[in-house]
Amino acid sequence: MQTKPLKTSCTEVINALIDLGYSKTIVNAHKQAYSRLQEFAVGRNVAVFSQELAETFLKECFSYSYGMRINDFPYSTGIAVNAMERLRQLTVCGCIPQKASPQTMNEWAMDDFGLISGYLSHKEKCGLAPRTIEITKHRLQAFYQFIRTSGERTIRTVSKETLSRYWRSMQGDSQRYCYDKIYHLGSFMKYLHLNGHLPCDMSGLLPKVHVLGNKRIAARWDRDSVMKILGCIDRANPVGKRDYAAFVMVAELGLRASDINGLRLDCLNWDTNQIEFTQCKTGKPNTLPITPGVGWALIDYIRHGRPKSNEPYVFLTGSVPHVKMPPTAFVRALTKYRRKCGLFVGRPEVAPGMHSFRHALAHRLFEKDVPLDLIAEVMGHTHVSSTSPYLRIDIEGMRPCALAIEEVAKYAREEI
């Protein structure tokens, strides 16, 4: 770990941002954050960067603690958090990652374009969904952007030390994200070795990351919070009509955000009052009813809010050119409406998001004694086992199982 003076470390990060092509706005914002950090450090007689310094600085100067939702804070707070993260990366592994900007695979894959293309084709033939292949590509892109900082252009020349630095660069990331990156990289290395592109299986050099499946209790919306969100949407303007229709579909039908984004006009079968679509995540077809709430919300948007366009998608951007909604558009919209309602703002816990509407729907169906296999069908799950994590919160169902204190004491005496 580096122990350079704080001012030197800050200057190195700024120079790295310039070399990586970040905009002047981002660079100047980092300069301001580092100027405040250095003043803060001088007042506490601290000469080098540490994680403790970063946490104290963010807490006292921005009222931010790690774990809070950064979207609930002003832009300047987000810049300060990112600035501290880049200082940490420089301190731990001696560099900051390549700018995470949209690039074609030909740009970031460098000399291994053919190897990566073959691996992704292999995954596609194995039946992986397009969304999963995109995630695989994204995780490999993170690795290749990292090794570029070491001047390497192919995985064939990657050393054990480079892999160790790559692992150290993940410090601060969630355990699940670290597992994801290591898993996809290890799978790629095994494929290369089995097909004769690597002399040995380098996946053995990667650390073992263990993640307990479904260990976290999922956040979910209660009925009152859902109604607050829907009630605060201004349905007098086209964007409000669009957002209202999308959120009603998620709340009442449990559609994934990716399926909402990709929903086409020809998926709406008004003759049978059904939505017939292919799920983005699984590639499997699914059919759901058009409930009255969903139907009237869609009609209001399509007739009075949707821009005139030849695009086949139901939901379009509000600004010109009117095209398909970006992947995270409704997630950002939900954050805006949460702030407007004052729901879960600044909470250190995970606040319910778009996917949590699905948890709430599954839980409501479960409370109404709907069979698990039917819930799985509504949720678009291939296997019932995929549905069980959605039903872990059943407080009322657990109450009859609770023992009185007297009963616990009685059993304890009997054991003795």
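Heads up: the structure comes first, above all this text.
Heads up: these notes are all about the structure in this document. These numbers come from a predicted model, not from an experiment.

### Structural notes on the pattern of salt bridges
And step 1. Considering all chains together, one arrives at 11 salt bridges under this definition.
And step 2. With its nearest N and O atoms 2.6 Å apart, the salt bridge here joins R44 to E60. Of the two residues, R44 sits in the loop between α2 (24–43) and α3 (51–62) while E60 sits in helix α3, which places them 16 residues apart along the sequence.
And step 3. A salt bridge links R264 to D266; the nearest nitrogen and oxygen atoms lie 3.8 Å apart.
And step 4. The exposure class of R264 is partly exposed, given its relative accessible area of 33%.

### Things to note about the sheet that holds strand β1 (residues 268–269)
And step 1. Read from one edge to the other, the open sheet built from 3 strands follows the order β1-β2-β3, with strand pairing classed as antiparallel. One side of each edge strand has no neighbouring strand; the edge strands of this open sheet are β1 and β3 (285–289).
And step 2. Relative to strand β2 (residues 274–278), β1 runs antiparallel, the two being bridged by 2 bridges. Bridging across to β2, N269 finds its partner in Q274.

### Considerations on the pairing of β2
And step 1. Side chains of β2 alternate between two faces, with I275 and F277 buried and Q274, E276 and T278 left unburied.
And step 2. The hairpin turn running from β1 into β2, its antiparallel successor, is 4 residues long, and N273 in that turn takes a positive phi close to 55°.
And step 3. Bridging between β2 and β3 involves 5 bridges; their strand directions are antiparallel. In the strand pairing of β3, F277 is matched with N286.
And step 4. Hairpin connection of β2 to β3: 6 residues between the antiparallel strands, including G283 at a positive phi of 75°.

### Some words on the packing of aromatic side chains
And step 1. Throughout the structure, instances matching the rule amount to 13 aromatic pairs.
And step 2. Relative to Y144, the ring of F143 lies with its centre 5.5 Å away and its plane at 85°, an arrangement referred to as edge-to-face.
And step 3. Its relative accessible area of 0% is what places F143 among the buried residues.
And step 4. Aromatic pair F146 and Y166: ring centres 5.2 Å apart, planes at 50°, arrangement tilted. Of the two residues, F146 sits in helix α7 (residues 130–148) while Y166 sits in helix α8 (residues 160–168), which places them 20 residues apart along the sequence.
And step 5. A residue is classified by how much of its surface remains accessible, and F146, at 2% relative accessible area, is buried.
And step 6. Members of the aromatic cluster, each reached through a chain of ring pairs, are W108, F143, Y144, F146 and Y166.
And step 7. Over the aromatic face of Y244 sits the side chain of R235, whose NZ or CZ is 3.8 Å from the ring centroid.
And step 8. The ring of Y313 carries R264 above its face, with NZ or CZ at 5.7 Å from the centroid.

### Here's the deal with the side chain of T154
And step 1. On the secondary structure map, T154 appears in the loop between α7 and α8.
And step 2. You can call T154 buried: its relative accessible area is 11%.
And step 3. One polar contact links the side chain of T154 to the main-chain amide nitrogen of R156, over a distance of 3.2 Å.
And step 4. Residues contacting T154, with those up to four places away along its chain left out, are D111, D112 and I147.

### With respect to the nonpolar core
And step 1. Membership of the largest hydrophobic core comes to 42 residues, with the highest contact counts inside it found for F247, M249, L263 and F315.
And step 2. For this core, the secondary-structure elements that each account for two or more residues are α10 (223–231), α11 (238–253), β2, α13 (292–304), α14 (329–341) and α15 (356–367).
And step 3. Here this core takes 9 residues from α11, the largest share from any one element.
And step 4. In contact with F315, not counting residues within four places along its chain, are R242, A245, A246, M249, I260, L263, L298, Y301, V323, K324, M325 and F330.
And step 5. Grouped together as the second largest cluster of nonpolar side chains are 32 residues, I116, Y144, C178 and M202 included.

### Some details on the packing of α11 against α14
And step 1. One way to put it is that α11 packs onto α14 with a least axis distance of 11 Å and a crossing angle of 100°. One element, α11, and the other, α14, form an angle in the roughly perpendicular class. Across the interface between the two elements, G240, R242, D243, A246 and F247 of α11 pack against F330, A333, L334, K336 and Y337 of α14.
And step 2. Along the lines of polarity and charge, the residues of the contact of α11 with α14 split into 6 nonpolar, 1 polar and 3 charged.

### So, α14
And step 1. In this model α14 runs 19 Å from its N-terminal to its C-terminal C-alpha over 13 residues, within 8% of the 18 Å that 1.5 Å per residue would give.
And step 2. Taken residue by residue, α14 has A329, F330, A333, L334, T335, Y337 and R338 as its buried positions.
And step 3. Positioned one or two residues after α14, G342 has a phi angle of 75°, which is positive.

### Focus on the packing of α11 against α13
And step 1. Contact pair α11 / α13: the axes reach a minimum separation of 9 Å and the direction vectors enclose 155°. Comparing the axis directions of α11 and α13 gives the class roughly antiparallel. In terms of crossing hand, the pair formed by α11 and α13 is left-handed. On α13, the residues touching P238, K241, R242, Y244, A245, V248, M249, E252 and L253 of α11 are G293, V294, A297, L298, D300, Y301 and H304.
And step 2. Residues that form the contact of α11 with α13 fall into these classes: 10 nonpolar, 2 polar and 4 charged.

The rules behind each value
Residues numbered from 1 in each chain as written. Predicted model: local features only at pLDDT ≥ 70, side-chain atom pairs only at ≥ 80, totals over all residues. Heavy atoms only, no water. Salt bridge = Lys/Arg side-chain N within 4 Å of Asp/Glu carboxyl O. Helix = DSSP H or I, 4+ residues; strand = E, 2+ residues; numbered from the N terminus. Buried < 20%, exposed > 50% of the residue type's maximum accessible area, 1.4 Å probe, protein only. Pairing = 2+ DSSP bridges. Phe/Tyr/Trp six-rings, centres within 6.5 Å; stacked < 30°, edge-to-face > 60°. Lys NZ or Arg CZ within 6 Å of the ring centre and 35° of its normal. Polar contact = N/O pair within 3.5 Å; in protein donor to acceptor, adjacent residues only side chain to side chain. Contact = heavy atoms within 4.5 Å. Core = buried A, V, L, I, M, F, W, Y, C linked by side-chain atoms within 4.5 Å. Axes fitted to C-alpha atoms, helices over the stretch in contact; angles between N-to-C directions. Parallel < 35°, antiparallel > 145°, perpendicular 65-115°, else oblique. Nonpolar A, V, L, I, M, F, W, Y, C, P; charged D, E, K, R; others polar. Expected span 1.5 Å × (residues − 1). Left-handed = near helix turned anticlockwise from the far one by under 90°.

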